[in-house]
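Coordinates in review
Next come the chains, spelled out residue by residue.
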Amino acid sequence: MSTDPWGRVDDDGTVYVRTAEGERAVGSWQAGEPEEALAYFHRKYDELAGQVTLLEQRVRGTDLAPAQAEASIVKLREAVAEAHAVGDLDALKGRLDALTALVAQRREELKAAREHARAEARAVKERIVAEAERIADETTHWKSGGERLRQLVEEWKAADRIDRATEAALWKRLSAARTAFAKRRKQYFAGLDEQREGVRAAKERIVAEAEELAGSTDWGQTAAIYRDLMQQWKAAGRASREVEDELWGRFKAAQDQFFQARSAVFAERDASLAANAQAKEELLAEAEKIVPVTDARAARAVLRGILERWEAAGPVPRDQRDRLEGGLRRIDEAVRKAEDAEWKRSNPEARARAQSTVDQLRASIEQLEQRLSKAQAAGRAKDVKEAEEALTARRSWLEEAERTLAEFS
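Residues numbered from 1 in each chain as written. Predicted model: local features only at pLDDT ≥ 70, side-chain atom pairs only at ≥ 80, totals over all residues. Heavy atoms only, no water.

**Re the overall build of the chain**
Scanning the chain from terminus to terminus reveals 12 helices and 4 strands. Its C-alpha atoms give the chain a radius of gyration of 52 Å, more than 25% over the compact-globule value 22 Å for 409 residues. Viewed in the frame of its principal axes, the chain has a C-alpha envelope of about 150 × 75 × 40 Å. Looking at the chain as shown, the accessible area adds up to about 24,100 Å², and 51% of this sits on carbon and sulfur atoms. Of the side chains in the chain, 71 bear a positive and 77 a negative charge, and the two mean positions are spaced by 5 Å. (Helix = DSSP H or I, 4+ residues; strand = E, 2+ residues; numbered from the N terminus. Rg over C-alpha atoms; globule rule 2.2 N^0.38 Å. Areas by Shrake-Rupley, 256 points an atom, 1.4 Å probe, with all protein chains shown as cover. Lys, Arg positive; Asp, Glu negative; His and termini not counted. Charge placed at Lys NZ, Arg CZ, Asp CG, Glu CD.)

Set out below in structure tokens:
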């Protein structure tokens with residue numbers, strides 16, 4: 001007879017397993033040695049133990065449902081109790097007992113989680129209802145308010161369900177809030193009709209004035225009036241969409257007619273000044289050859305001649321004026337710095353040059369003042385502006401030239 005800690009083989013070939021409750025026959029072996037019999041029934045035990053281990057892994061490592069886990073435990077417990085195997089069956093029972101306790105704990109945890117989820121769902125739905133009621137009572141942004149209410153309904157549908165009574169009561173409040181909002185919005189828009197009629201009358205007056213001015217050639221004053229009409233339009237409020245679109249189309253058409261005509265006139269004027277700009281481009285290129293200044297007296301003489309031709313060339317388009325005037329001013333500054341250096345070596349000559357520059361600038365200013373007077377008398381606002389800007393530049397140069405001349409006194 002051969003034995004091991006968990007079982008034995010009787011002389012007649014009966015195989016027994018030892019448990020806490022005593023021995024139990026698990027099979028019969030007639031074809032070989034007792035060790036072979038025990039090895040065979042040990043393998044049966046290992047297969048059963050493997051099933052227990054797999055279940056342990058599933059329970060501990062996955063989200064296996066408690067009911068499914070309990071059913072598997074019951075099935076394995078029956079298999080262990082009736083097992084035709086040799087091994088520590090009591091240990092397997094103990095492991096199944098531990099799993100039973102773990103599954104029971106898992107069940108309680110899931111129950112608590114469900115209760116917590118229901119509490120959270122109730123809080124979510126109470127928040128949804130509270131926001132819906134606030135929108136129904138306070139919101140005047142009708143489009144965004146209506147959209148938000150639709151979003152709240154979708155959030156309600158996405159939230160977990162709670163107990164039926166509370167769910168029904170909260171849904172009733174949510175529905176009442178949506179109804180109240182819709183009613184208040186309807187009343188608001190009904191009240192807009194009278195207001196929109198007043199807006200329509202005000203904008204018709206604005207449009208009539210705009211259409212009357214569409215053919216004006218008093219460019220400056222009329223442009224200012226159109227800007228004022230635009231401010232009146234914005235301040236008047238909104239009429240119904242159809243009326244608003246029709247009146248705005250008429251207003252914009254009148255405004256476009258005026259400004260397109262003005263742009264055409266200005267473009268024609270700028271085109272007429274293009275030749276002047278080209279002449280001054282060439283004069284500026286000629287003046288730039290003066291620098292670097294090696295002979296201040298000669299440079300001043302050349303620049304004086306250029307300045308005379310510059311004045312004779314006439315006005316240029318506004319978008320080129322600053323660049324051209326600035327370029328000539330930089331040449332003048334370079335010549336003046338050279339004169340200052342030469343003055344230190346020859347005071348009388350420097351004084352004479354300074355006096356000549358002052359005289360030239362004074363003569364230029366006198367000519368510009370005459371041009372300004374003529375432009376003002378003729379009401380040519382653009383020519384007035386150009387003459388004033390040129391005078392500002394010449395007076396700045398004259399101030400600097402007079403300061404230089406004063407240094408010789």
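**With respect to helix α5 (residues 164-213)**
For α5, which comprises 50 residues, the first-to-last C-alpha distance of 70 Å matches the rise-based estimate of 74 Å (1.5 Å per residue) to within 8%. Of all the bends found along α5, the most pronounced is centred on Asp193 and spans about 35°. (Expected span 1.5 Å × (residues − 1). Bend = angle between axes of the 7 residues up to and from the residue.)

**Comments concerning the packing of aromatic side chains**
Following the criterion strictly, the structure yields 12 aromatic pairs and no others. When the ring of Trp142 is compared with that of Phe181, the centres are 5.6 Å apart and the planes differ by 50°; the resulting orientation is tilted. One end of the pair, Trp142, is in helix α4 (residues 142-158); the other, Phe181, is in helix α5, with 39 residues separating them in the sequence. Positioned over the ring face of Trp156 is Lys125, at 4.5 Å from the centre of the ring. (Phe/Tyr/Trp six-rings, centres within 6.5 Å; stacked < 30°, edge-to-face > 60°. Lys NZ or Arg CZ within 6 Å of the ring centre and 35° of its normal.)

**What about the packing of α5 against helix α6 (residues 219-236)?**
Two elements in contact, α5 and α6, have axes separated by 10 Å at closest approach and are oriented at 165°. With respect to each other, α5 and α6 are oriented roughly antiparallel. Between α5 and α6 the crossing geometry is left-handed. Residue-level inspection shows Val199, Ala202, Lys203, Arg205, Ile206, Val207, Glu209, Ala210 and Leu213 of α5 in contact with α6, the latter providing Thr222, Ile225, Tyr226, Leu229, Gln232, Trp233 and Ala236. When its residues are assigned to classes, the contact of α5 with α6 shows 11 nonpolar, 2 polar and 3 charged. (Axes fitted to C-alpha atoms, helices over the stretch in contact; angles between N-to-C directions. Parallel < 35°, antiparallel > 145°, perpendicular 65-115°, else oblique. Left-handed = near helix turned anticlockwise from the far one by under 90°. Contact = heavy atoms within 4.5 Å. Nonpolar A, V, L, I, M, F, W, Y, C, P; charged D, E, K, R; others polar.)

**Some points on the pattern of salt bridges**
Inspection of the entire model under this criterion finds 40 salt bridges. The closest approach of N and O atoms between Glu23 and Arg18, which form a salt bridge, is 3.8 Å. In this structure, the salt-bridge partner of Lys157 is Glu154, at a minimum N-O distance of 3.9 Å. Pair noted here: Lys157 and Glu154 are both in helix α4, with a separation of 3 residues, about one helical turn. (Salt bridge = Lys/Arg side-chain N within 4 Å of Asp/Glu carboxyl O.)

**Quick look at the side chain of Glu167**
With respect to the element layout, Glu167 can be found in helix α5. Polar contacts involving the side chain of Glu167 include one to the main-chain amide nitrogen of Ile162, which spans 3.2 Å. Contact partners of Glu167, with chain neighbours within four places excluded, come to Lys125, Trp156, Arg161 and Ile162. (Polar contact = N/O pair within 3.5 Å; in protein donor to acceptor, adjacent residues only side chain to side chain.)

**So, the environment of Lys385**
Topologically, Lys385 is positioned in helix α12 (residues 381-406). Lys385 sits in the partly exposed class, given a relative accessible area of 36%. Distance in space between the C-alpha atoms of Lys385 and Leu372 is 8.5 Å, their sequence separation being 13 residues. (Buried < 20%, exposed > 50% of the residue type's maximum accessible area, 1.4 Å probe, protein only.)

**Looking at the side chain of Glu56**
Along the chain, the position of Glu56 falls in helix α1 (residues 34-61). With sequence-adjacent residues up to four places away left out, Glu56 is seen in contact with Arg95 and Leu99.

**Some words on α1**
If you check α1, its first and last C-alpha atoms are 40 Å apart, about what 28 residues at 1.5 Å a residue would give, namely 40 Å. Listed as buried for α1 are Ala37, Leu38, Phe41, Tyr45, Leu48, Ala49, Val52, Leu55, Glu56 and Val59.

**A short note on the pairing of strand β3 (residues 14-19)**
Two strands pair when backbone bridges link them, and strand β2 (residues 7-9) and β3 are joined in this way by 3 bridges, in the antiparallel orientation. Note that in β3 the partner of Arg8 across the bridge is Tyr16. Following β2, the chain reverses through 4 residues before pairing antiparallel with β3; Gly13 in that reversal takes a positive phi of roughly 95°. In the sheet, β3 pairs with strand β4 (residues 22-28) via 6 bridges, with the strands oriented antiparallel. Along β4, the bridge assignment pairs Arg18 with Glu23. (Pairing = 2+ DSSP bridges.)

**Digging into the nonpolar core**
The tendency in soluble globular proteins is for nonpolar side chains to be buried as a group. Ile290, Leu303, Ile306, Trp310, Leu328 and Leu361 are the most contacted members of the largest nonpolar core, which has 30 residues in total. With 8 residues, the top contributor of residues to this core is α12. Sequence-distant contacts of Leu303, that is, excluding residues within four places in its chain, are made with Ile290, Leu328, Ile331, Asp332 and Val335. Of all hydrophobic cores here, the second largest spans 26 residues; its members include Leu76, Ala83, Leu99 and Val103. (Core = buried A, V, L, I, M, F, W, Y, C linked by side-chain atoms within 4.5 Å.)

Without other data, these values stay purely geometric and don't point to any function.
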